[in-house]
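Below, each chain spelled out in residue letters.
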Amino acid sequence: MIMNTVLKVYVPAQAFLKHQAMLFAKRTEGASGIEYALIAGMVAVALVAFVPTISAAVTAMFTQIEGAL
């Protein structure tokens, strides 16, 4: 008797969860927002990695221009 009750609750719950998981996997609305966030994060990492190098190059260029003047 208890097993029947458990099965009556468990089986529909499993079917519902499977259906919801499939719907969740098919959704794509937020994909572009996540992609833009990943791109922005990669750009930020690249800037942090290369800014000291770029800063030194720009400073050297202005120093060279200053010396030429």
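Residues numbered from 1 in each chain as written. Predicted model: local features only at pLDDT ≥ 70, side-chain atom pairs only at ≥ 80, totals over all residues. Heavy atoms only, no water.

S.K.: Just to check I follow, could you spell out the overall build of the chain for this structure?
M.R.: Along its length, the chain carries 2 helices and 0 strands. Radius of gyration (C-alpha) of the chain: 29 Å, far over the 11 Å computed for a compact globule of 69 residues. With the C-alpha coordinates aligned to their principal axes, the bounding extent of the chain is approximately 95 × 20 × 10 Å. Here the chain holds 69 residues, and 0% of them are scored as buried. In the form shown here, the chain has an accessible surface area of approximately 6400 Å², with 75% of it arising from carbon and sulfur atoms. (Helix = DSSP H or I, 4+ residues; strand = E, 2+ residues; numbered from the N terminus. Rg over C-alpha atoms; globule rule 2.2 N^0.38 Å. Buried < 20%, exposed > 50% of the residue type's maximum accessible area, 1.4 Å probe, protein only. Areas by Shrake-Rupley, 256 points an atom, 1.4 Å probe, with all protein chains shown as cover.)

S.K.: I tried to follow the environment of Leu7 on my own but got confused; where do I start?
M.R.: Positionally, Leu7 belongs in helix 1 (residues 2-26). For Leu7 and Val51, which are 44 residues apart along the polypeptide, the C-alpha to C-alpha distance reads 62 Å.

S.K.: Where do I start with the environment of Ile54 in this structure?
M.R.: In this fold, Ile54 is placed in helix 2 (residues 31-68). In the structure, Ile54 is positioned 14 residues away from Ala40 in sequence and 19 Å away in space, judged by C-alpha atoms.

S.K.: Would you explain a nonpolar patch on the surface in this entry?
M.R.: Taken together, the side chains of Ile34, Tyr36, Leu38, Ile39, Met42, Val43, Leu47 and Val51 define a hydrophobic patch exposed on the protein surface, amounting to about 840 Å² of accessible area. Here Val43 is to be found in helix 2. (Patch = residues over 30% accessible without salt bridge, like charges linked within 9 Å, V, L, I, M, F, W, Y side chains within 5 Å. Salt bridge = Lys/Arg side-chain N within 4 Å of Asp/Glu carboxyl O.)

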